[in-house]
Amino acid sequence: MLLPNPTSGLPSRYVIQDGRLYEMQVAAAEGIRSWFVGDTIHSDGSLYMITPLDPIFMFIPILEIVRQQTSGSAGRFMVVDDIFESDQYTSLRHLAQLHNIEKLLAQICEVR
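Residues numbered from 1 in each chain as written. Predicted model: local features only at pLDDT ≥ 70, side-chain atom pairs only at ≥ 80, totals over all residues. Heavy atoms only, no water.

A.B. asks: Give a description of the pairing of strand E2 (residues 11-17) that names residues and reports values.
C.D. replies: Pairing analysis gives 3 bridges linking strand E1 (residues 2-4) to E2, with the strands arranged antiparallel. Paired with Pro4 across the bridge in E2 is Pro11. Between E1 and E2, which pair antiparallel and follow one another directly, the connecting turn spans 6 residues, one of which, Gly9, has a positive phi of 80 degrees. Judged from the 5 bridges that link them, E2 and strand E3 (residues 20-27) form a sheet pairing that is antiparallel. If you follow Gln17 over to E3, its bridge partner there is Arg20. Following E2, the chain reverses through 2 residues before pairing antiparallel with E3; Asp18 in that reversal takes a positive phi of roughly 50 degrees. (Pairing = 2+ DSSP bridges. Helix = DSSP H or I, 4+ residues; strand = E, 2+ residues; numbered from the N terminus.)

Pasting the structure below:
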């Protein structure tokens, strides 16, 4: 799924497996390369790396945007499902399915 990268804001690929978040990166092969996997040859020489990612790093920029802080207001409270709604990144809604989502959010914001 495509989500905004917490550092750059650019679309990046992520995977949710068993309630945990992983970042997926692809190291494209230069030239023609192949891999032996089991008894087969895969002609795509790209290397796909999936690494665990602490969801808190994803939440911080999202919360900054959705809380709608102004000079006269510290922001607003929202239900979890509404925090992860976006027209630009429809995959954000999957973040609400992470294990211990409220416990994770409580580490960086007030939860009621």
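A.B. asks: Lay out the layout of surface pockets with the relevant residues and their values.
C.D. replies: Estimated volume of the largest pocket: approximately 510 Å³. Taken together, 20 residues line the largest pocket, and the ones lying closest to its centre are Leu63, Arg76, Phe77, Cys109 and Glu110. Sort the elements by how many residues they give to the lining of the largest pocket and helix H1 (residues 56-66) lands first, with 4 residues. Residues belonging to the lining of the largest pocket are distributed by class as follows: 13 nonpolar, 1 polar and 6 charged. In this structure, the second largest pocket occupies an estimated 240 Å³ of space. Along the wall of the second largest pocket there are 16 residues; nearest its centre are Pro4, Ile62, Ile65, Tyr89 and Leu92. Within the lining of the second largest pocket, the residues separate by chemical class into 11 nonpolar, 4 polar and 1 charged. (1 Å grid on protein atoms, 1.4 Å probe; cavity = no way out; pocket = protein on both sides within 12 Å on 5 of 7 lines; lining within 4 Å. Points joined across faces, edges and corners; volume = space filled by probe spheres on them. Nonpolar A, V, L, I, M, F, W, Y, C, P; charged D, E, K, R; others polar.)

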